[in-house]
Amino acid sequence: MRRGVRRKVCLPMSKSSSIKPPAALEVAALNVYFGQGSERFQAVKDVSFKLEKGDSFGLVGESGSGKSTVLRAISGLIADWDGRISTDGVVVPRHRNKAFYRRMQMVFQDPYASLHPRHTIDGILSEPLKLHGIKDRDAKVLKALDDVGLGKSFRFRYPHQLSGGQRQRVAVARALMLEPEILLLDEPTSALDVSVQAEILNLLNDLRRERNLTFLMVTHDLAVVAHMCQKIAVMNRGEIVEVLSVEQMRKETPKEAYTKELLTASRGYDPDFFSVA
Ligand SMILES: Nc1ncnc2c1ncn2[C@@H]1O[C@H](COP(=O)(O)OP(=O)(O)OP(=O)(O)O)[C@@H](O)[C@H]1O
Ligand SMILES: [Mg+2]
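Basis of the calculations
Residues numbered from 1 in each chain as written. Chains lettered and ligands numbered in written order. Predicted model: local features only at pLDDT ≥ 70, side-chain atom pairs only at ≥ 80, totals over all residues. Buried ≥ 20, exposed ≤ 12 C-beta atoms within 10 Å, placed from the backbone. Helix = DSSP H or I, 4+ residues; strand = E, 2+ residues; numbered from the N terminus. Pairing = 2+ DSSP bridges. Axes fitted to C-alpha atoms, helices over the stretch in contact; angles between N-to-C directions. Arc of directions from axis to C-beta. Contact = placed C-beta atoms within 7 Å. Near = placed C-beta within 6 Å. Nonpolar A, V, L, I, M, F, W, Y, C, P; charged D, E, K, R; others polar. Core = buried A, V, L, I, M, F, W, Y, C linked by C-beta atoms within 7 Å.

Peer 1: Where do I start with helix 5 (residues 121-131) in this structure?
Peer 2: In an α-helix, one turn spans 3.6 residues, which is why side chains three or four residues apart end up on the same side. Within helix 5 the residues assigned to the buried category are I121, I124, L125, S126 and P128. G133 lies just past helix 5 and shows a positive phi near 65°.

This is the structure in structure tokens:
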């Protein structure tokens, strides 16, 4: 080699390209408690799971198994918990900060209870923008209404002047105002009439695809899981007993006895789930 001439060193592509990005959301060894002193009890026990960006992950299980508690602990609504919660590889602070809520938002089960009755839709949708000092609020509110299939005529109405489905559209719009990457959805359609459930689920699916959102969704309806999720964690008495794909669930090949029981119970309730190819 001639003096002074440097050879360019190239790293093999496979090494640099095989580095996987960190999980969009990772929950590790989560324990959640309610009550104090001798009344203190553990509602969630050693729960761990991981969502890659763009995943739609379902949490299923019978009533009281701890599904909502997991979501509420992640979103910072419960104080008494331990374990590790991280987004994009960064551990979330115990006191959730503004940056956390820009990345993650929650949609609750009951749109009748989750929207302030004395605020107009405009007030409800502008509030997160005001809190985060975001400008251009008029245009953003109008766009948000449009994105969820509500026209501008809804802007100055109050929640009681809307149907249940329209209210849940507003709740979805509010959750999306800060353009989060992750949505925590707690039974988002179970308070709605069957005829509008599919509308809201389709809206959520479309928004997820368009914006590459990541969903963590609680439901006890296996048809909803089949429509919305690729992967499912089954909870029983505060613990995750099995994580499986929707395909495994359809083919009825779960490993755990509890999951089999849940499927058998659902078959009577929802025979369509097992007949969909
Ligand atoms: N704020 C609270 N204070 C005390 N106990 C609570 C509280 N919230 C939930 N729990 C208890 O924690 C356990 C898990 O409740 P959670 O609401 O997470 O169940 P779930 O799986 O969401 O049920 P469902 O399908 O009925 O909504 C239950 O035993 C419940 O009574
Ligand atoms: Mg619940």
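Peer 1: How should I be thinking about the sheet that holds strand 3 (residues 56-61) in this particular structure?
Peer 2: Paired through backbone hydrogen bonds, the strands of a sheet run either parallel or antiparallel to each other. Strand order in the open sheet formed by six strands is 6-7-8-3-9-10, and the pairing between neighbours is mixed. For this open sheet the edge positions go to strand 6 (104-107) and strand 10 (239-245), each flanked by a neighbour on one side alone. Strand-to-strand twist of the sheet, defined as the mean angle between neighbouring strand axes without regard to direction, takes the value 20°. Pairing geometry for strand 3 and strand 8 (residues 214-218), over four bridges, is parallel. Bridging from a neighbouring strand, G58 pairs with M217 of strand 8.

Peer 1: Hey, could you run me through the pairing of strand 2 (residues 41-51) in this one?
Peer 2: Consecutive side chains of a regular strand alternate in pointing toward one face of the sheet and then the other. Where strand 1 (residues 25-34) meets strand 2, seven bridges bridge the pair, whose relative direction is antiparallel. Paired with F34 across the strands is F41, a residue of strand 2.

Peer 1: Would you take a moment to explain helix 6 (residues 137-147) for this structure?
Peer 2: The set of residues buried in helix 6 consists of V141, A144 and L145. The arc enclosing the buried residues of helix 6, seen along the axis, measures out at 100°, which places them on a common side. Facing away from the buried side of helix 6 by more than 90 degrees, the exposed set consists of A139 and D146. Looking at the buried side of helix 6, the elements it contacts are helix 5 and helix 7 (164-176). Just beyond helix 6, the residue with positive phi is G149, at close to 80°.

Peer 1: Got a minute to help me understand the site of ligand 1 in this structure?
Peer 2: Inspection of the region around ligand 1 gives F34, A43, G61, S63, G64, S65, G66, K67, S68, T69 and H220 as its neighbouring residues. For the shell around ligand 1, the leading source of residues is helix 2 (residues 67-74), giving three residues. Looking at the shell around ligand 1 residue by residue, the class counts come to two nonpolar, eight polar and one charged.

Peer 1: So what exactly am I meant to see when it comes to the sheet that holds strand 5 (residues 90-91) here?
Peer 2: The sheet built from four strands is open, its strands ordered 2-1-4-5 with antiparallel pairing. On the outer flanks of this sheet lie strand 2 and strand 5, each paired with one strand and no other. As paired elements, strand 4 (residues 81-87) and strand 5 share two bridges and run antiparallel to each other. The residue of strand 5 that forms the bridge with S86 is V91.

Peer 1: I tried to follow the nonpolar core on my own but got confused; where do I start?
Peer 2: The nonpolar side chains of a soluble globular protein tend to be buried, and buried together. Ranked by internal contacts, the top residues of the largest apolar core, which has 60 residues, are A173, L184 and L216. Sort the elements by how many residues they give to this core and helix 7 lands first, with six residues.

Peer 1: Looking at this structure, how should I read the environment of Q168?
Peer 2: Relative to the helices and strands, Q168 resides in helix 7. Overall, the presence of 30 C-beta atoms within 10 Å leaves Q168 in the buried class. The spatial distance from the C-alpha of Q168 to the C-alpha of D110 is 7.9 Å, given a sequence separation of 58 residues.

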